[in-house]
Structure formats: structure tokens, C-alpha cells
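Residues per chain, in single letters:
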Amino acid sequence: MREVGAVIDELRIGLLQSPATNDVVNVRDSSGFTTINAGNGNDVLRVTYDGTYDANGNLVGVQTGVNGVGKTATETFAVAAGASTRQFTLARTPTSAPFTRVLINGVPTTAFTVSGTTLTLAQPLAGPATVDVTYLTSVLNLIGNSGSYKYVIALGGNNPAGQGDALVNITNVPILTNGATLGINTLTIFGSDTSDTYLLRRNMVASLSHDASGPLTGDAQRINYDAFINGGLALNGGNDHFYLDDTTVPTTINGGTGNNAFQVGQVFQSPRLANANLPTADQFDTTLTSRGYLSNGISAPTTINGGTGTDSYIGYNNQASLSLNGGGGNNTFVIRSFVKLDPQKAKQRIVNVNGGLGSNVSSYEATAPVPIDGGTGSFNKLVIIGTEFGDQFVVTSNGRLEVLPAGGPG
């Protein structure tokens, strides 16, 4: 077993030519740029998590409850009276520009860019003024090659000892020579023992911190992964909120103990592109509906297990099979329908839709099947929300519920 702890600017462990041995790597703390190359064996890489696998291959252990891989720095700049400036030189290079936060006289702003150690405001700032800059100074890169890898990462989440920013990048670069075949790679994520909020988007899972009264603080602990997590993603929480805008690999979410809230798909007021101040890598597809711009929800098979608490499930959109399992407790399931509009006629969504008399057929956002198992609770509820049109809901002989466009199937 190897343990890694670094407080230097850059640390690289492992080489592409490393022997095909089966290793266990524990990362409990890091600072600066840390890169671990797993080599060509079947390895286990654990981040702030202590655990082992039993004889059946099940992971047993406990997460450390701290944010050991996220380090930030804060600098304050004073602009003197009568002076004007746009650029500020930071003491260190931010490891990720999206994690940089700027306050001007205590007010947040996103009108800036970061290049190297230079932060540039969109407009000159006249003094007197104070500029506070907080930025991420660490990033952990985990790289797999030819083999099967188990990535196990525990996020500090909303635990007071674990709050703050963190960035972990998982990249697999298979080297399939001499008849080698692609291995099975899995990613398992554990949350903290407090109430956490998770956001899932394409190739990304983030834990978002919030204050005692509920509002998000802006801190995020983010894991980026690639399509080679072919063995699936497992996210384990408890008493948490989960929001899914998209998934790209088979995903299982385990709510655990406590009362959880799950929402698959979200509605936005505008496309999630550059106009939404999203970096290119974070932009994602949406579908224009009469209620707004609807995210995909999921694009890979996803199973959500509620656990033992009283949970709520909201399904807006799913572009792959979605299974909802209530577990214990009295659970509520809400499935909603949306009317899809032509993106070239975006203003359609602000008009009153009235099909009038006759046979009118609307275009619905198509989703994949959603099997629902209410679980063992004494009172589970399923709510179906239709659209502005005169929807027809049909229950087939095998218990399948379908929504038909207004005007019927003909």
C-alpha cells in the first residue's frame, strides 16, 4: 500500500511504463498539481477514503469526512483613490479558472478572465476599491492505462471539516497492444455525514456546499471523469438532494439513510451555452419546451435507490432507462410531461396554447421508460403532471402508463 501526501506545487507518481502490478493508492492530502498514473495493473485508487473489499468484492470502510484534496488561496488588492486598473497579479497560478471567485467591495462579479497569474476585469475599476480574489491552488489527476481500475473518492461535502473547493480529474488512456483488451473501470463516490447537494452533468459530479439556512455558498467539490468509466458510476449519499442534468455512463445513486430528494432533469430560462456564462467544457444540450429549456436528465441507464427514509422523486426528462426504487419510508414520485417547441420559434413558449376545436396533435418531449417500485412504505404516492394541452393518459393491461398528445392517437 502506498500513501501520498503532497504540499508542493507539482507531484507526479507513476509512469506509462510502470510494471503491470496490482496496487492500492491512498490519497489523503494533496496541494498543488498532483498526478497519479496507475500504470498497467488492476489498481484501486482511493481519495480521502479508508476501506477494503470483502471476499464478494463489496467495498467496506468509512470516508474520512474531510476535504483533503482541495486547497485555496485568498488575496486582497486595494485600488487607491484616483487610480484605475483592470489587471491584478496573483501570487500563484489558479489551477482552475472556473473555481476563481472575485468580490469588488464585497459584491461578487463574474466579469473577469484569468490567464496564468493575471486576473483581468472586464472594465477598469476606479478607486477607492477593494478586490478580494479566492482561487483554487490544487488539482488531483488520476490516470488509468491498460487494466481495470476502481476509483473510490469521498467528498467532504457540507461537513464543516470538508467544505471548500476541490477538483479531481479522472482520465483513462488505454494502451491496447499485444492483444490486450479494455478493462472494467468503476467510479464510486461517497458523500459526507451531513446534508449534501449533488449536481450530475455530462462526465461530472459535484458536491455543492450550502450554509445552515440552505442557500448555496458557491463552494464546489467536483469530479470530472471520461467515457472509460464503463463499469459504472455509483454515488452514495444520505439525507441529501440530487439534481441530474445528464449522465454518460451507467449510474446508480443510493440515497442511504435519511430523507432524500431526487430530480431528474431541470428547466432553465435560457440555453445552457456561453450565454449562461458557462465555460465551453460545461455547456450542455437542452430542449426548448413551453416551460423553458429542459435538460436531458440522463443519457445512460440510471437507477435511483431511495434507502430507508421518506424520499421524493421528480422526473422531468430521461433520455435513457430510469429505474426509481423507493425502499423504506413513505415516498412520493412525480412524473411530468413537457411540450417540445421549435427552437426557431422560441417565443411560442410565452403565448397561451389553445388548440381549439378539432383534432390537434402536439409534439411531446420523448422520454425512455421509467419503472417505479414504491418500496415497503405504508403510503407511497405517484403524481403525474400533464401539459397545457388536453393530454390523454393511458394505463395498459401490464401496468404501463403512457401520455398521448392532445387529440388522441389518430
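The preceding data block contains the structure.
Every value quoted in this text rests on a predicted model; they were computed, and no experiment measured them.

Student: Describe the overall build of the chain, and please don't skip the residues or the numbers.
Tutor: Counting its regular elements, the chain contains zero helices and 36 strands. When each of the 410 residues of the chain is scored for burial, the buried share is 46%. Total accessible area on the chain stands at roughly 19,000 Å², and carbon and sulfur atoms take up 53% of it.

Student: Which residues make up the sheet that holds strand E11 (residues 107–109), and what values go with them?
Tutor: Taking strand neighbours across the sheet as the criterion, the four strands line up as E8-E14-E10-E11 in an open arrangement whose pairing is antiparallel. The open sheet has two free edges, formed respectively by strand E8 (72–79) and E11, since each of these has just one partner strand. Direction aside, the axes of adjacent strands within the sheet are offset by 25° on average. In this structure, E8 lies alongside strand E14 (residues 129–136), joined through eight bridges in antiparallel fashion. By the bridge assignment, Ala73 is partnered in E14 with Tyr135.

Student: Can you lay out the pattern of salt bridges for me, pointing to particular residues and giving the numbers?
Tutor: For the structure shown, the criterion picks out six salt bridges. Between Asp282 and Arg222 there is a salt bridge, with its nearest N and O atoms 2.6 Å apart. One end of the pair, Asp282, is in the loop between strand E26 (267–268) and strand E27 (286–289); the other, Arg222, is in strand E21 (residues 216–224), and 60 residues separate them in sequence. Through salt bridges that share partners, Arg101, Asp165 and Asp219 make up one connected network.

Student: Break down the pairing of strand E19 (residues 197–201) for me, citing the residues and quoting the values.
Tutor: Two faces make up the sheet, and in a regular strand the side chains alternate between them. The buried fraction of E19 amounts to five of the five residues, a majority that puts the element mostly inside the structure. Every second residue of E19 is oriented toward a common face, with Thr197, Leu199 and Arg201 on one face and Tyr198 and Leu200 on the other, all of them buried. Bridging between E19 and strand E20 (residues 204–210) involves five bridges; their strand directions are antiparallel. Across the sheet, the residue bridging to Thr197 is Leu208, located in E20. Connecting E19 to the next strand, E20, in antiparallel fashion are two residues, including Asn203 with a positive phi near 60°. Alignment of E19 against strand E23 (residues 241–244), held across four bridges, turns out to be parallel. Within the sheet, the bridge partner assigned to Leu199 lies in E23 and is Tyr243.

Student: Which residues make up the nonpolar core, and what values go with them?
Tutor: Judged by nonpolar contacts, the single largest core of 39 residues is most densely connected at Leu142, Ile170 and Leu187. Ignoring any residue separated from it by four or fewer positions in sequence, one finds Leu187 in contact with Tyr151, Ile153, Ile170, Ile223, Tyr225, Ile229, Gly232, Leu233 and Ala234. Counting residues in each nonpolar core, the second largest holds 15 residues, with Val79, Phe88, Phe112 and Val131 among its members.

Student: With reference to specific residues and values, describe the environment of Asn259.
Tutor: Here Asn259 lies in the loop between strand E24 (251–254) and strand E25 (261–264). In this structure Asn259 touches Asn239, Asp240, Gly309, Thr310 and Asp311, once residues within four positions along its chain are discounted. At 2.9 Å, the side chain of Asn259 and the backbone nitrogen of Thr310 are in polar contact.

Thresholds, definitions, all that
- Residues numbered from 1 in each chain as written.
- Predicted model: local features only at pLDDT ≥ 70, side-chain atom pairs only at ≥ 80, totals over all residues.
- Heavy atoms only, no water.
- Helix = DSSP H or I, 4+ residues; strand = E, 2+ residues; numbered from the N terminus.
- Buried < 20%, exposed > 50% of the residue type's maximum accessible area, 1.4 Å probe, protein only.
- Areas by Shrake-Rupley, 256 points an atom, 1.4 Å probe, with all protein chains shown as cover.
- Pairing = 2+ DSSP bridges.
- Axes fitted to C-alpha atoms, helices over the stretch in contact; angles between N-to-C directions.
- Salt bridge = Lys/Arg side-chain N within 4 Å of Asp/Glu carboxyl O.
- Core = buried A, V, L, I, M, F, W, Y, C linked by side-chain atoms within 4.5 Å.
- Contact = heavy atoms within 4.5 Å.
- Polar contact = N/O pair within 3.5 Å; in protein donor to acceptor, adjacent residues only side chain to side chain.

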